[in-house]
2 protein chains.
Amino acid sequence: MTPVPAGLVEAFWEYERALMADDVPTLDRLFADGPTTLRGDAHGLLVGHDQISAFRSSRGGAPQRRIVQTHVQAVDDDHALVIAVTELARGGRGQQTQMWVRTDEGWQVTAAHVSVPAPALDTRIWRVVGDPLVPPLGSGPLDGESVAVKDLYAVQGHRVGAGNPAWLAEARVEPVHARAVELLLEAGASVRGIARTDEFAYSLAGTNAHYGTPPNPKAPLRISGGSTSGSSSAVSLGQASIGLGTDTGGSIRVPAAYQGLFGIRTTHGAASTYALLPLSRSFDAVGWVTRSAELLQQVAEVVLPPTPRNPASDLVSVPGLLSIASDEVATVVDRYAAEHGAMRESWDLSELPGWLSAFQTLQAWEAWQERGAWVAPRLDELGADVRSRFEAAALIDDDRAAAARTVVDAARARIRELVGDRVLVLPSAATVAPLVGAGLDAVRAANMSLTCLAGLGGLPAVSVPRSTPQGLPVGVCLVAGPGRDRDLLQLAIDLD
Amino acid sequence: MTPVPAGLVEAFWEYERALMADDVPTLDRLFADGPTTLRGDAHGLLVGHDQISAFRSSRGGAPQRRIVQTHVQAVDDDHALVIAVTELARGGRGQQTQMWVRTDEGWQVTAAHVSVPAPALDTRIWRVVGDPLVPPLGSGPLDGESVAVKDLYAVQGHRVGAGNPAWLAEARVEPVHARAVELLLEAGASVRGIARTDEFAYSLAGTNAHYGTPPNPKAPLRISGGSTSGSSSAVSLGQASIGLGTDTGGSIRVPAAYQGLFGIRTTHGAASTYALLPLSRSFDAVGWVTRSAELLQQVAEVVLPPTPRNPASDLVSVPGLLSIASDEVATVVDRYAAEHGAMRESWDLSELPGWLSAFQTLQAWEAWQERGAWVAPRLDELGADVRSRFEAAALIDDDRAAAARTVVDAARARIRELVGDRVLVLPSAATVAPLVGAGLDAVRAANMSLTCLAGLGGLPAVSVPRSTPQGLPVGVCLVAGPGRDRDLLQLAIDLD
């Protein structure tokens, strides 16, 4: 064995002390500068000193631990691998593997890999999980599948939490399953658990102020998207195969896009919303995410009533919609459209801002009709983003709502006319998943400019996963006329 | 940057192909021979080629995955670190860090660190978990604590699964909490979840045939102990702070010993067994495990009725009992006894085999009275170990049971007389935790020769964690007269 190089042990312990003290400058100094330094854990691999430093500065310290074993594999006087077994103060053991290199700055880590014991459940993703939480009620095409149920659907024997602790505390135990849940159970699926949502589904971000932001495994350090946030992360991580959710203004399409999943927002009114907590009944639609186009389709066979099929569809792509998206997203969607022979067509989008405004106004007014009485005395119980939306919603009088409804009705007719019997190809979300902590107002506005089209039209929309050259997920959205959910699902399979 | 050494990339991919094909000989060849080769994951660090090879041979293949990123940090022509990001077929991303060294055998791995995404819940530990599963019913000394409830206690709104899927499938939804659960909730604790047990608590191993063996974080590759198996692993891992369980013949003491936890078996009859599924009412006792002696005591203040205290106690150690244990365990317990001034005393243990036999006979007869009607037509639904115990139990007639009870009664009186107002120091379990897959019959017999003393006596027993020089957990058991639970708990704190 090569002997342990001089100074290595001291550097190892200096690092350990700095970690326990959350001494970020020392930690930064003991990690090699430059773009090739690596640090990985269950949340993903950070590449480069800058990413690692940013992570350290924002995480508020590592869990307290002690070192119970160390193993040194020295290569030469200037290089050694150090493997340590850690014992966490909160329980359990972890492991840390570090590559140490002696540089002009002294001993520094060029790569670190850290494991700590998983919690009982990831409370950013789940409120409750089981093996299963609810067993199947029958056998059928979904045998063996497991469902992450968004915490807006009733699960018999459990409460509906709606992403808000105060709501949960007052909630009753549900006497029956929501119809969508029941249909999945009857088809052989089990319920794995009840998954987090943005509060009352009134967000596209997933950044729930009470429970945290669920992880996005394909885009570490980036948000999950929402409001079907927990269900989507659960499916991304393989903790469930079907993420049942809702889509009012993009709440399926955005997390599907951010996390590289297949997702469908069904035709408004096509799937039962029985025992589903509403946000805005004019737009709320049942939806789900999966990791495969085939399973996305299989769920539809269970959840949607039979409809005639009309698989032949021309694809159409609208440059004015692509231009709402970031360049990297637009490029991916444009290539998808071109590869599949979509026709480019210019639409008059001058009314889009007015349509979006009417959508948001009517959505807000309806949300206040549903939740205002409960929310009004409890604004302090809401996260800042959702609170501001409810505060704005409270100010919308019936006249403004009626005017918005007139615009919505006109927009619906016009959008259905524009789409016709074709399939519109557009971005599911305007950007790749934003970094955790980034401002989201502009992103939300851009997203909703795109997502409101299917929302206003009451149209089905399927999001198909693609990625940027850098490997970040991008969602390509396919939108068709009302009731053509199955055509879209078949198309997604055929084009994949 | 040092260039990527020749042959490294080929070796990396050869390893990856062999891993996906579960080609153990190739994997063995590509890991460096000898005692310093390392492989670690969430289950612990394996040290030496032999341990790693044994692990590979028994695990039935790695999860299918593809490599989505690789980073090479080359040291020189013969040494390089390779970090890979993996994408698992079942969902989620993982990471692998490998130290590669060129030897006479070609490129070989000398250290590997593997991370894969955690499941929604560890189904070896839990049947259902929540954030929390049940919120507190009050506020008190257990504010902020979380409980892993052994799946024998009623949790309102949930079923009792008793470690057996067929039992669970027929179980009703419990209308109320078990009294012990209710007391914890009223004192401010929440229920984190319902934890696995050996079937009907009729084992000391934790090797549930249906749900697998919960992990033992302080002793990787070794069994958890049982029957309070899931609760103990949950506490070891920090997934709960209190593991509520039962102890009939060692079901708290053995997992506490194997996993390095504090544990108490309370005086028989002292804590309420209301809405607790019984195994053998003559011996069943409420118990719990924790990571600290202080919390072990705090739970007692909530669960046990008030009793007078008599803290002063002489310790006594019996060489004939130590000799039942393995040398490494006996050494640790003997040192503990010596350090704390225990008096060595020889007991006439000639009756111990008869006492143990009477204990096991009465336990089995009672278990058959409780479960026989249900078990008899469902023997095929039981794991082999538990099945064989029930099959033997079915053959015990009332006369044998009555004779056993006579011996039990005499043993109880004699054991209480021997212990008197002192505290007996003995091993909580006869050996360190056996390796997963090892034969357990002899271990069970040795364990029960030790644990049956408190069982027969109806006496309280506290297990205190110590460890071997190699770092494996050993339990030191303190046994006192009936009702002296609080004295033992205080003693455990004072001596710690």
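These numbers were taken from a predicted model, which means no experiment stands behind them. (Residues numbered from 1 in each chain as written. Chains lettered and ligands numbered in written order. Predicted model: local features only at pLDDT ≥ 70, side-chain atom pairs only at ≥ 80, totals over all residues. Heavy atoms only, no water.)

S.K.: Any chance you could explain unusual backbone geometry here in plain terms?
M.R.: Glycine aside, residues mostly have negative phi angles, and peptide bonds mostly take the trans form. Backbone torsion omega between Asp131 of chain A and Pro132 of chain A reads -10 degrees, so that peptide bond is classified as cis. You can see Pro132 of chain A is positioned in strand 7 (residues 126-134). The residue after Gly226 of chain B, namely Ser227 of chain B, is reached through a cis peptide bond having omega 0 degrees. Residue placement: Ser227 of chain B occurs in the loop between strand 9 (190-195) and helix 6 (229-236). A positive phi angle, near 55 degrees, is found at Ala162 of chain B, a position not held by glycine. Turning to its location among the elements, Ala162 of chain B is positioned in the loop between strand 8 (146-150) and helix 4 (165-170). (Helix = DSSP H or I, 4+ residues; strand = E, 2+ residues; numbered from the N terminus.)

S.K.: Please clarify how the environment of Ser231 of chain B should be interpreted in this entry.
M.R.: All names here are of chain B. Its place among the elements puts Ser231 in helix 6. By relative accessible area, Ser231 is classed as buried at 0%. Residues Ser231 and Pro214, spaced 17 residues apart in sequence, show a C-alpha to C-alpha distance of 9.4 Å. Excluding residues within four positions of it along the chain, Ser231 makes contact with Ala148, Val149, Lys150, Ala195, Arg196, Gly243, Leu244 and Val289. Engagement of the side chain of Ser231 in a polar contact is seen with the backbone oxygen of Ala148, the distance being 3.2 Å. (Buried < 20%, exposed > 50% of the residue type's maximum accessible area, 1.4 Å probe, protein only. Contact = heavy atoms within 4.5 Å. Polar contact = N/O pair within 3.5 Å; in protein donor to acceptor, adjacent residues only side chain to side chain.)

S.K.: Just checking my understanding: could you explain the relation of the copies chain B and chain A for this structure?
M.R.: One chain copy maps onto the other through a rotation about an axis and a shift parallel to that axis. The transformation that overlays chain B on chain A combines an axial shift of 0.0 Å with a rotation of 180 degrees, and the residual RMSD is 0.0 Å. Expressed as an axis order, the relation between the two copies is that of a two-fold axis. Looking at chain B, 100% of its interface residues are interface residues in chain A too, so the copies touch through the same face. (Least-squares fit on C-alpha atoms with pLDDT ≥ 70 in both.)

S.K.: Looking at this model, I keep getting lost on the domain arrangement of chain A. Mind explaining?
M.R.: A common way to report how large an interface is uses the accessible area buried once the components associate. Residue and element names in this part refer to chain A. Each domain of chain A was delimited in the assignment, giving domain 1 (8-115), domain 2 (126-303) and domain 3 (315-495). For domain 2 versus domain 3, the distance between C-alpha centres works out to 19 Å. Each partner contributes to the interface: domain 2 provides 50 residues, whereas domain 3 provides 60 residues. Between domain 2 and domain 3 the total buried area reaches about 4700 Å² when both faces are included, carbon and sulfur atoms providing 60% of it. The largest share of the area that domain 2 buries against domain 3 comes from Tyr202, Arg253 and Phe283, three residues that together contribute 17% of it. Viewed at the interface, domain 3 and domain 2 are joined by 3 salt bridges. In this assembly, domain 2 and domain 3 are joined by 27 residue pairs in polar contact (both at pLDDT 80 or more). Only helix 4 (165-170), helix 7 (253-259), strand 11 (262-265) and helix 8 (293-303) provide two or more residues apiece to the side of domain 2 that touches domain 3. Considered class by class, the residues forming the side of domain 2 that touches domain 3 number 24 nonpolar, 17 polar and 9 charged. (Domains from an automatic or database assignment. Buried area = accessible area lost by both parts, 1.4 Å probe. Salt bridge = Lys/Arg side-chain N within 4 Å of Asp/Glu carboxyl O. Nonpolar A, V, L, I, M, F, W, Y, C, P; charged D, E, K, R; others polar.)

S.K.: What's the story with the pairing of strand 4 (residues 79-88) of chain B in this structure? I'm lost.
M.R.: One face of the sheet, then the other: side chains in a regular strand alternate in exactly this way. Residue and element names in this part refer to chain B. Counting buried positions along strand 4 gives 10 out of 10 residues, so the element sits mostly inside the fold. Side chains of strand 4 alternate between two faces, with His79, Leu81, Ile83, Val85 and Glu87 and Ala80, Val82, Ala84, Thr86 and Leu88 buried alike. As paired strands, strand 3 (residues 65-76) and strand 4 are joined by 10 bridges and run antiparallel to one another. Each bridged residue has a counterpart across the sheet, and for Thr70 the counterpart in strand 4 is Ala84. Where strand 3 folds back onto strand 4 in an antiparallel hairpin, the turn is made up of 2 residues. With 9 bridges joining them, strand 4 and strand 5 (residues 93-103) adopt antiparallel strand pairing. Directly across from His79, in strand 5, lies its bridge partner Val101. (Pairing = 2+ DSSP bridges.)

S.K.: Could you clarify how one ought to interpret the UniProt feature "domain: Amidase" (unreviewed entry) in chain A in this entry?
M.R.: Residues given the UniProt feature "domain: Amidase" (unreviewed entry) here are residues 139-315 of chain A. Taken end to end, residues 139-315 of chain A is 23% helix and 16% strand, and its two terminal C-alpha atoms sit 37 Å from one another. (UniProt positions renumbered as here; feature names shortened; annotations may be inferred.)

S.K.: How do you make sense of the side chain of Ser313 of chain B when you look at a structure like this?
M.R.: For Ser313 of chain B, the location among the structural elements is in the loop between helix 8 (293-303) and strand 13 (315-317). Side chain to side chain, Ser313 of chain B and Arg484 of chain B meet in a polar contact 2.5 Å long.

S.K.: Mind showing me how you'd approach helix 10 (residues 327-339) of chain B here?
M.R.: Since the α-helix packs 3.6 residues into each turn, any two residues three or four apart lie on the same face. Residues and elements named next belong to chain B. The first and last C-alpha atoms of helix 10 sit 18 Å apart over 13 residues, in line with the 18 Å expected at 1.5 Å per residue. Of all the residues in helix 10, the buried ones are Val329, Ala330, Val332, Val333, Tyr336 and Ala337. Viewed along the axis of helix 10, the buried residues span an arc of 165 degrees, placing them on a single side of the element. In helix 10, the exposed positions that point more than 90 degrees away from the buried face belong to Asp327, Ala338 and Glu339. Contacts made by the buried residues of helix 10 are with strand 13, helix 9 (319-322), strand 15 (423-427), strand 16 (461-467), strand 17 (473-479) and helix 15 (485-495). In the stretch just after helix 10, Gly341 is the one whose phi turns positive, near 70 degrees. (Expected span 1.5 Å × (residues − 1). Arc of directions from axis to C-beta.)

S.K.: For this particular structure, what's the right way to read the sheet that holds strand 6 (residues 106-115) of chain B?
M.R.: Strand pairing in a sheet is mediated by backbone hydrogen bonds. Such pairs are either parallel or antiparallel. All names here are of chain B. Spatially, 2-1-6-5-4-3 is the arrangement adopted by the 6 strands of the open sheet, whose pairing is mixed. A strand with exactly one partner marks an edge of an open sheet, and here the two such strands are strand 2 (44-47) and strand 3. Going across the sheet, the axis of each strand differs from the next one's by a mean of 20 degrees, ignoring polarity. In this structure, strand 1 (residues 38-41) lies alongside strand 6, joined through 3 bridges in parallel fashion. Paired with Gly40 across the strands is His113, a residue of strand 6. Seen against the sheet, helix 1 (residues 8-20) touches strand 3, strand 4, strand 5 and strand 6 and runs at an angle of roughly 125 degrees to strand 5. (Axes fitted to C-alpha atoms, helices over the stretch in contact; angles between N-to-C directions.)

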